[in-house]
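Topology and contacts: notes
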Amino acid sequence: MDIIIAAIAGALGNLSSDAVKAAYKGMKDVLLRKFGAESDLADAVKKLEQKPDAQARQQLLKEEAEAAGADKDEEIMKAAQALLDAVKAQPGGGVKISVTGDGNIFSGSGNVTVLR
């Protein structure tokens, strides 16, 4: 799940890059096709777009993605990885994220590796 949040949050800080913009559009298109433009997940993405640094909105996206089972969908996970790769390929290769869950909290910038 964290890869989806990291990819989207990282992309929102790097949309000036055509590669990131294209990968973000691809990710968003997959989410909208799978869950619908009026889904709670789509709404959470829209809200995060408005305030990408808001931890509460990142947490909302995580909750909605979990509820929708987005992390169990191979196409979504591939799109998330492609988006994260596009973000990491930018100068500095950093992703600014805040991830909460399971009693762990991480906030900062730098390269992101998510292992499960």
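The coordinates are above.
Residues numbered from 1 in each chain as written. Predicted model: local features only at pLDDT ≥ 70, side-chain atom pairs only at ≥ 80, totals over all residues. Heavy atoms only, no water.

What about the overall build of the protein?
Rules: Helix and strand definitions here come from DSSP, where helices need a minimum of 4 consecutive H or I residues and strands a minimum of 2 consecutive E residues; each element is numbered from the N-terminal end. Throughout this description, buried means an accessible area under 20% of the type-specific maximum (1.4 Å probe, protein chains only), exposed means over 50%, and partly exposed covers the range between. Throughout, a residue-residue contact means that at least one pair of heavy atoms, one from each residue, lies within 4.5 Å.
Counting its secondary structure elements, the protein contains 5 helices and 2 strands. Listing every helix and strand of the protein by position from the N terminus yields α-α-α-α-α-β-β. Scored against the burial criterion, the 116 residues of the protein give a buried share of 41%. In the protein, the proportion of contacts linking residues at least 24 apart, taken out of those at least 6 apart, comes to 59%.

Examining the environment of Ala80
The residue Ala80 is located in helix H5 (residues 74-88) in this model. A relative accessible area of 0% places Ala80 in the buried class. Separated by 74 residues in sequence, Ala80 and Ala6 have C-alpha atoms that sit 8.6 Å apart. Apart from residues no more than four positions distant in its own chain, Ala80 is found in contact with Ile3, Ile4, Ala7 and Met27.

Remarks on helix H1 (residues 2-12)
Since the α-helix turns once every 3.6 residues, residues separated by three or four places project in the same direction. Burial analysis of H1 places 11 of its 11 residues in the buried class, the great majority of the element. Within H1 the residues assigned to the buried category are Asp2, Ile3, Ile4, Ile5, Ala6, Ala7, Ile8, Ala9, Gly10, Ala11 and Leu12.

Side note on the packing of helix H2 (residues 18-35) against helix H3 (residues 40-50)
Each pair of packed helices can be summarised by the angle the axes make with each other and by the distance between the axes. Just so we agree on the cut-off: In this description, a line fitted to the C-alpha atoms serves as the axis of each element, helices being fitted only across the stretch in contact, and the angle between N-to-C directions of two axes falls anywhere from 0 to 180 degrees. Small angles under 35 degrees read as roughly parallel and large ones over 145 as roughly antiparallel, with 65 to 115 read as roughly perpendicular and the rest as oblique. Here the nonpolar group is Ala, Val, Leu, Ile, Met, Phe, Trp, Tyr, Cys and Pro; Asp, Glu, Lys and Arg are the charged ones; every other residue, Gly included, is treated as polar.
Interaxial distance between H2 and H3 falls to 9 Å at its minimum, and their mutual angle equals 150 degrees. With respect to their mutual orientation, H2 and H3 come out roughly antiparallel. Seen from H2, the contacting residues are Tyr24, Lys28, Leu31, Leu32 and Phe35; seen from H3, they are Leu41, Ala42, Val45 and Glu49. Per-class residue counts for the contact of H2 with H3 are 7 nonpolar, no polar and 2 charged.

Focus: the pattern of salt bridges
Opposite charge on two side chains makes pairing possible when the charged atoms of those side chains draw close. We count it as follows: The salt bridge criterion pairs a side-chain nitrogen of Lys or Arg with a carboxyl oxygen of Asp or Glu, the two atoms within 4 Å.
The tally for this structure, following the rule as stated, stands at 9 salt bridges. Between Asp2 and Lys62 there is a salt bridge, and its shortest N-O distance comes to 3.7 Å. Of this pair, Asp2 sits in helix H1 while Lys62 sits in helix H4 (residues 55-68); the two residues are 60 residues apart in sequence, bridging distant segments of the chain. Residue Asp2 shares its accessibility class with Lys62, and that shared class is buried. Close ionic contact of Lys25 with Asp29 constitutes a salt bridge, the shortest N to O distance being 2.8 Å. Of the two residues, Lys25 and Asp29 are both situated in helix H2; the distance of 4 residues between them amounts to about one turn of the helix. Under the relative-accessibility criterion, Lys25 is labelled exposed at 53%. Overall, the relative accessible area of 35% leaves Asp29 in the partly exposed class.

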